[in-house]
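Single-letter residue listing:
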Amino acid sequence: MSPERAAAPRFDLPEPDAFTRPYWDAAGEGRLLIRRCAGCGRAHHYPREFCPYCWGEDVRWERASGGATLYTWSVVHRNDLAPFGSRVPYVAAVVDLAEGPRMMTEVVECAHGDLRVGMGLTVTFREAGEGGGPAVPVFRPAGRGTA
């Protein structure tokens with residue numbers, strides 16, 4: 001295959017490294033991880049090697065419950081980056097995890113008109129699909145099956 005006909009780059013797939021590998025491995029097993037500081041006790045997301053609140057370095061992985069509430073969202077009707085163009089319209093969202101951290105994500109399995117600030121959500125995982133890559137956490141309305 002010529003370079004011009006090679007598959008388009010995937011902008012929806014993360015590039016795990018040695019530090020984030022536990023997060024992506026857990027996602028592949030259907031578990032959402034967050035980080036919690038042993039010093040101040042606060043949880044945070046996205047994964048960092050230090051606490052963004054007290055700058056402590058004793059930060060550990062913890063399994064999150066998977067519960068969240070919708071903080072805000074936007075329905076995306078146009079996105080020219082692969083593979084987002086084939087998914088439009090989709091819901092880009094910010095959710096508050098039950099453990100406290102706020103997380104950027106996508107809401108799935110929900111009519112756009114049914115979205116409400118504060119609605120209960122639960123984590124599920126989008127498989128990378130053809131071409132491989134880690135599973136990515138997304139959220140759906142609570143009460144729609146298991147994560």
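I will try to describe carefully the structure that is included in this document. It should be emphasised that the depicted structure is a prediction, and the values quoted were computed from it without experimental measurement.

1. Let's talk about the pattern of salt bridges
Alright, step 1. According to the stated counting rule, one finds seven salt bridges in the structure shown.
Alright, step 2. The residue Arg-126 makes a salt bridge to Glu-106 at a minimum N-O spacing of 2.2 Å. Separated by 20 residues along the polypeptide, Arg-126 in strand β7 (residues 120-126) and Glu-106 in strand β6 (residues 102-107) bring together distant segments of the chain.
Alright, step 3. We classify Glu-106 as buried; its relative accessible area is 11%.

2. Remarks on helix α1 (residues 21-28)
Because an α-helix completes one turn every 3.6 residues, residues spaced three or four positions apart along the sequence face the same direction.
Alright, step 1. For α1, the complete set of buried residues consists of Tyr-23, Trp-24, Ala-26 and Ala-27. The buried residues of α1 all sit within an arc of 160 degrees when viewed along its axis, so they share a single face.
Alright, step 2. At its buried positions, α1 is contacted by β1 (33-37), β3 (59-63), β6, β7 and β8 (136-141).
Alright, step 3. Note on α1: the residue one or two positions beyond its end, Gly-30, has a positive phi of about 80 degrees.

3. What to know about the environment of Phe-11
Alright, step 1. Inspection of the secondary structure assignment puts Phe-11 in the segment before α1.
Alright, step 2. A relative accessible area of 47% places Phe-11 in the partly exposed class.
Alright, step 3. For the pair formed by Phe-11 and Pro-83, sequence separation is 72 residues and the distance between their alpha carbons is 7.2 Å.
Alright, step 4. The contacts of Phe-11, once residues within four sequence positions are left out, are Leu-81, Ala-82, Pro-83 and Phe-84.

4. Here's the deal with the nonpolar core
Alright, step 1. Counting residues in hydrophobic clusters, the biggest one holds 25 residues, and the most contacted among them are Leu-32, Leu-70, Val-95, Leu-97, Val-107, Leu-121 and Phe-139.
Alright, step 2. Secondary-structure elements contributing two or more residues to this core are α1, β1, β4 (67-76), β5 (90-97), β6 and β7.
Alright, step 3. Among residues more than four places away in sequence, those in contact with Val-95 are Ala-68, Thr-69, Leu-70, Tyr-71, Pro-101, Arg-102, Met-103, Thr-105, Leu-121 and Phe-139.

5. Some words on the packing of aromatic side chains
Alright, step 1. A full pass over the atoms with the stated rule returns five aromatic pairs.
Alright, step 2. Considering the side-chain rings of Phe-50 and Trp-55, the 5.1 Å spacing of their centres and the 5 degrees angle between planes classify their relative orientation as stacked.
Alright, step 3. An aromatic cluster is built from Phe-19, Tyr-23, Trp-24 and Trp-61, whose rings are joined through pairwise contacts.
Alright, step 4. Above the ring of Tyr-53, the side-chain terminus of Arg-42 is found at 3.5 Å from the ring centroid.

6. Here's the deal with the pairing of β5
Alright, step 1. Across the eight residues that make up β5, a large majority, seven, are buried.
Alright, step 2. For β4 and β5, the ladder comprises eight bridges, and the chain directions are antiparallel. Pairing of Val-76 across the sheet is with Tyr-90, part of β5.
Alright, step 3. In this sheet, β6 lies alongside β5 in antiparallel orientation, the contact comprising six bridges. Along β6, the bridge assignment pairs Val-91 with Val-107.

7. Description of unusual backbone geometry
Phi is mostly negative for residues that are not glycine, and the peptide bonds are mostly trans.
Alright, step 1. Residue Tyr-46 is bonded to the preceding His-45 through a cis peptide linkage, with omega at 25 degrees.
Alright, step 2. Of note, Tyr-46 is situated in the loop between β2 (43-44) and β3.
Alright, step 3. For the bond from Val-88 to Pro-89, the omega torsion is -10 degrees, close enough to zero to count as cis.
Alright, step 4. Examined against the element boundaries, Pro-89 turns out to sit in the loop between β4 and β5.
Alright, step 5. Although it is not a glycine, Trp-55 adopts a positive phi angle of roughly 70 degrees.
Alright, step 6. Position of Trp-55 relative to the elements: it lies in the loop between β2 and β3.
Alright, step 7. Judged by its relative accessible area of 60%, Trp-55 is exposed.
Alright, step 8. The phi angle at Glu-109 is positive, at roughly 60 degrees, despite the residue not being glycine.

What counts, and where the lines are drawn
Residues numbered from 1 in each chain as written. Predicted model: local features only at pLDDT ≥ 70, side-chain atom pairs only at ≥ 80, totals over all residues. Heavy atoms only, no water. Salt bridge = Lys/Arg side-chain N within 4 Å of Asp/Glu carboxyl O. Helix = DSSP H or I, 4+ residues; strand = E, 2+ residues; numbered from the N terminus. Buried < 20%, exposed > 50% of the residue type's maximum accessible area, 1.4 Å probe, protein only. Arc of directions from axis to C-beta. Contact = heavy atoms within 4.5 Å. Core = buried A, V, L, I, M, F, W, Y, C linked by side-chain atoms within 4.5 Å. Phe/Tyr/Trp six-rings, centres within 6.5 Å; stacked < 30°, edge-to-face > 60°. Lys NZ or Arg CZ within 6 Å of the ring centre and 35° of its normal. Pairing = 2+ DSSP bridges.

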